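Each chain is listed here by its residues.
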Amino acid sequence: MSEFPDIRLWFVRLDATYPWLPVLLDWRARELARYAAMLVPHEMSMRMGAVFNPEALELFIMKKVFIVYSWLKQHGIPKPRLKTSDMARMLGFGIGDELFDLIDQHTLDSS
């Protein structure tokens, strides 16, 4: 589906409107990977499946970490660090507590 520009454009709009949406996806069913494939440049490999552009994937993950962690905390969801770390790990990234400490120390006003 990611090869259809119109569909990708709707995913961009969806992500802009609901940036916390990855929290609701079934990560074990690979919905998070499919969601990322609609937003992050990648190539398809017969052997490896979707191979993401590493820099684009890193930016996507970091943006989602900032958004999802803050959203989980704002809504009182238990274990926001663990949930956010697990989300990043599903796409191959490890997030340390140092980053969460920095986010907590430098909160942004959402208004």
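Attention here is on the structure that accompanies the text. (Residues numbered from 1 in each chain as written. Predicted model: local features only at pLDDT ≥ 70, side-chain atom pairs only at ≥ 80, totals over all residues. Heavy atoms only, no water.)

1. Some thoughts on the packing of helix H3 (residues 54–74) against helix H5 (residues 97–105)
Moving on, step 1. Interhelical geometry of H3 versus H5 gives an angle of 60 degrees and a closest axis separation of 11 Å. Judged by the inter-axis angle, H3 sits oblique to H5. Seen from above, H3 lies across H5 with right-handed handedness. Contacts from Met62, Val65, Phe66, Tyr69, Ser70 and Lys73 in H3 reach Leu99, Phe100, Ile103 and Asp104 in H5.
Moving on, step 2. A per-class count over the contact of H3 with H5 returns seven nonpolar, one polar and two charged. (Axes fitted to C-alpha atoms, helices over the stretch in contact; angles between N-to-C directions. Helix = DSSP H or I, 4+ residues; strand = E, 2+ residues; numbered from the N terminus. Parallel < 35°, antiparallel > 145°, perpendicular 65-115°, else oblique. Left-handed = near helix turned anticlockwise from the far one by under 90°. Contact = heavy atoms within 4.5 Å. Nonpolar A, V, L, I, M, F, W, Y, C, P; charged D, E, K, R; others polar.)

2. What about H5?
Moving on, step 1. The set of residues buried in H5 consists of Leu99, Phe100 and Ile103. One side of H5 carries all its buried residues, which in axial view fall inside an arc of 95 degrees. Among the exposed residues of H5, those oriented more than 90 degrees off its buried face are Glu98 and Gln105.
Moving on, step 2. Of the surrounding elements, those touching the buried residues of H5 are H3 and helix H4 (80–90). (Buried < 20%, exposed > 50% of the residue type's maximum accessible area, 1.4 Å probe, protein only. Arc of directions from axis to C-beta.)

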